[in-house]
Amino acid sequence: MIHLSFQFVLAIDLCTLLLCTLVALRCASSVLHPALMMLGCHGYIVTLRLFQLLKGGSPMSYSFVWPVQPEEVMRAALASDAALLAMALAWVLVRYWGRHRMAQPREPRIMLSLPRVRVMAIFTMLASVGAVAAIGPHNMVLSPDPEGLPGYLSAAAGWLPWACCLLHYIYGFSFPLLCLTIISLVSAMLLSHFRGVVIIPLIFLLFTWLARRKSSRPPLALLPAVVALWLIWLPMKPIVYSLQAGKSIADSFSYGIEIAFGNFGQESGSGIDFQFLDMIGSTMTLVDVHGTHFWGATVAPLLVGAVPRAMWPQKPHLNEYQHELDIPSRNMAQLNMTAGLIGECYADFGYVGVIVVPFLVSLGFSLAYRRLAGTGLLSPGALLYFIFLATFMQLYRDGLVSAVWFPFVHCAPMGWTAVSHWIWPPAESRMQASRGTPPILACPSLLGAPFGAFVADRSEI
């Protein structure tokens, strides 16, 4: 292996991040373009981690007999840089491919049925409360392992915030609805060990708010909002664990902040939140040790994912390939560590996969964004795009399975509400389309101001 230094790898990463940022500024006229999420995920998982290691941090070891080596982390960083460049290439291709294909403002043939969305929101609330009652709040608090809970019932227990998100999507951000949303988020946080039940709905609501704004300029509050989400994300797990253990609110917050920021990048507490790049590097090494690639079989468990585990106790895990890669000195799957999108691409197709698969993922997101640029906010496609975009961080962090599992299981009320309108088109869609976008939307008839700015700048399409 060629000898590299963290200084050299960080310099390459910064140049890559800068180049891709410039490409994004040129190709995306909206903060709702997927480039923002892709750059953010790379900056957090790759660039920030390289800074920590350059400042004296150590690669991940935990209980590994064979600790992760610096060379493995640097290889993962270079692979991630290649993947980001491939993603940026997709942005460029979509921009120039559509340069002479003007995206005109248009009403979708099928629009969200407001009565159906309301019924789905009510059903989601009842299903979530019922799931919590069936599992038992005490059992949810005591079980840190999601697989120790009844499968889909566990996912349904975290749906309450999504009922509120559906209502926000069609009715906006009224004060009573915001109060209900806060209550649902706090309840979900206290009953779950998975921070996504809070963070992903907050990201979705941020995108919804951006799409409903009247101004075409990026809001000044956007950056503070993103920073606030990050600051909530990091200490949430230790705070929730402390509250569930019966500690006071003040002590829990003090403990969570100390763990998350006092041990910044270390292996104690929330240190694992900074070490996904190490996991990618470790996965790539385990694939080399394994000796063969999986050629797309990493997503095969999705084919039987709908079968309840109670009916098939030996059903393959969603990350079954990671269990196959595990060795006694590197038991990543046993420790519930993730391979990440880049690690999974390498496991499937080697370095070719590291470039081709992220390119295809970015191409799909970019084409969806461009197609939706001229549609109304009440398009089912817009709702589906928003939930895919809100869960992109899980796709990047956990792998390709998350592209299906999160929109249609953990966030099922959103994904299936959108899909149901294509499977069973509502009779009132044509009437709604003839009347234009309903007046409840505090934005133009385009898909929010940011998308409107994208359409208005015809030279960018």
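Along every chain, residues carry numbers that run from 1 in the direction the sequence is written. In view of the model being predicted, local features appear only for residues whose pLDDT reaches at least 70, and side-chain atom pairs are presented and counted only at 80 or more, with totals across whole chains, interfaces and linings using the full set of residues. With hydrogens and water set aside, each side-chain value is computed from the structure's full complement of heavy atoms.

Angular values range over 0 to 180 degrees, each being the angle between N-to-C directions of two axes fitted as lines to C-alpha atoms, with helices fitted over their stretch in contact. Here a helix means four or more residues in a row that DSSP labels H or I, a strand means two or more in a row labelled E, and each is numbered from the N terminus. One can describe the packing of helix α4 (residues 114-135) onto helix α18 (residues 412-423) by two numbers: an axis separation of 11 Å at closest approach and a directional angle of 150°. Accordingly, the angle class assigned to the pair α4 and α18 is roughly antiparallel. When you trace α4 past α18, the crossing you get is right-handed. Residue-level inspection shows R116, V117, M120 and T124 of α4 in contact with α18, the latter providing P413, T417, S420 and H421. Here the nonpolar group is Ala, Val, Leu, Ile, Met, Phe, Trp, Tyr, Cys and Pro; Asp, Glu, Lys and Arg are the charged ones; every other residue, Gly included, is treated as polar. Split by residue class, the contact of α4 with α18 holds 3 nonpolar, 4 polar and 1 charged. Throughout this description, any angle smaller than 35 degrees is read as roughly parallel, any larger than 145 degrees as roughly antiparallel, any in the 65 to 115 degree range as roughly perpendicular, and the remainder as oblique. Handedness of a helix crossing follows the sense of rotation of the near helix relative to the far helix, less than a right angle counterclockwise being left-handed and clockwise being right-handed. Whether two residues touch is decided by their heavy atoms; if any such pair falls within 4.5 Å, the residues are in contact.

Between 30 and 60 degrees the pair is tilted, below 30 it is stacked and above 60 it is edge-to-face, where a pair is any two Phe, Tyr or Trp rings, Trp via its six-membered ring, whose centres lie within 6.5 Å. Applying the stated criterion across every chain yields a total of 15 aromatic pairs. With 6.4 Å between their ring centres and 75° between their planes, F204 and F386 make a pair best called edge-to-face. Remark: F386 occurs in helix α15 (residues 380-390) and F204 occurs in helix α9 (residues 196-212); sequence separation between them is 182 residues. For the exposure calls, accessible area comes from a 1.4 Å probe over protein chains only, and a residue counts as buried if that area is under 20% of its type's maximum, exposed if over 50%, partly exposed in between. In this structure F386 comes out as buried when scored by relative accessible area, which is 0%. Through a chain of ring-to-ring contacts, the aromatic side chains of W162, Y169, F204, Y369, Y385 and F386 assemble into a single cluster. Its guanidinium or amino end placed over the ring of W424, R116 lies 4.5 Å from that ring's centre, counting from NZ or CZ. Here, a charge over a ring is recorded when the distance from Lys NZ or Arg CZ to the ring centre is within 6 Å and its angle to the ring normal is within 35 degrees. Above the face of the W66 ring, R330 is positioned so that its terminal group lies 4.2 Å from the ring centre.

A few words now on the environment of A347. Among the secondary structure elements, A347 is positioned in helix α14 (residues 340-372). The spatial distance from the C-alpha of A347 to the C-alpha of D288 is 8.7 Å, given a sequence separation of 59 residues. Beyond its immediate sequence surroundings of up to four residues, A347 is in contact with V287, H293, F294 and Y321.

This brings us to the side chain of R116. Within the secondary structure, R116 is located in helix α4. The contact partners of R116, leaving out residues within four places of it in the chain, are S420, H421, W424, P425 and P426.

A positive phi angle is found at Y62, which is not glycine, with a value near 50°. Mapped onto the fold, Y62 is located in the loop between α2 (34-54) and α3 (70-97). Overall, the relative accessible area of 31% leaves Y62 in the partly exposed class. Within the chain, N336 stands out as a residue other than glycine whose phi angle is a positive 60°.

Structurally, the position occupied by F173 is in the loop between α7 (160-171) and α8 (175-191). The sequence separation of F173 and L205 amounts to 32 residues, and the corresponding C-alpha distance is 9.3 Å. The contacts of F173, once residues within four sequence positions are left out, are H168, L178, L205, T208, W209 and R212.

This part is about the confidence of the model for the protein chain. Model confidence for the protein chain is summarised by a mean pLDDT of 83, while 81% of its residues fall at 70 or above. The spread of mean pLDDT over the elements of the protein chain runs between helix α20 (residues 448-456), the lowest at 39, and helix α12 (residues 276-290), the highest at 96. Confidence of the predictor in every single residue is expressed as pLDDT, which spans 0 to 100. In this model residues 433-461 is a low-confidence stretch, pLDDT under 50, and it forms 89 contacts with partners more than four residues away in sequence or in other chains.

Where α4 meets α7, the closest approach of the two axes is 7 Å, and the angle between their N-to-C directions is 160°. Here α4 is positioned roughly antiparallel relative to α7, judged by the angle of their axes. The hand of the α4/α7 crossing is left-handed. Note on element contacts: α7 touches α4 through L160, A163, L166, L167, I170 and Y171, opposite L114, V117, R118, M120, A121, T124, M125 and S128. Among the residues making up the contact of α4 with α7, the classes are represented as 11 nonpolar, 2 polar and 1 charged.

Turning next to α14. Between its terminal C-alpha atoms α14 stretches only 28 Å, short of the 48 Å expected from 33 residues at 1.5 Å a residue. The seven residues ending at a residue and the seven starting there each receive a fitted axis; the angle between those axes is the bend at that residue. F349 marks the point of greatest bend in α14, at about 135°. An expected span of 1.5 Å times one less than the residue number is assigned to each helix.

Inspection of the secondary structure assignment puts T283 in helix α12. Judged by its relative accessible area of 2%, T283 is buried. Apart from residues no more than four positions distant in its own chain, T283 is found in contact with L325, M332, T338, A339 and G343.

A few words on the environment of A225. Secondary-structure assignment places A225 in helix α10 (residues 222-244). Residues A225 and L206, spaced 19 residues apart in sequence, show a C-alpha to C-alpha distance of 8.3 Å.

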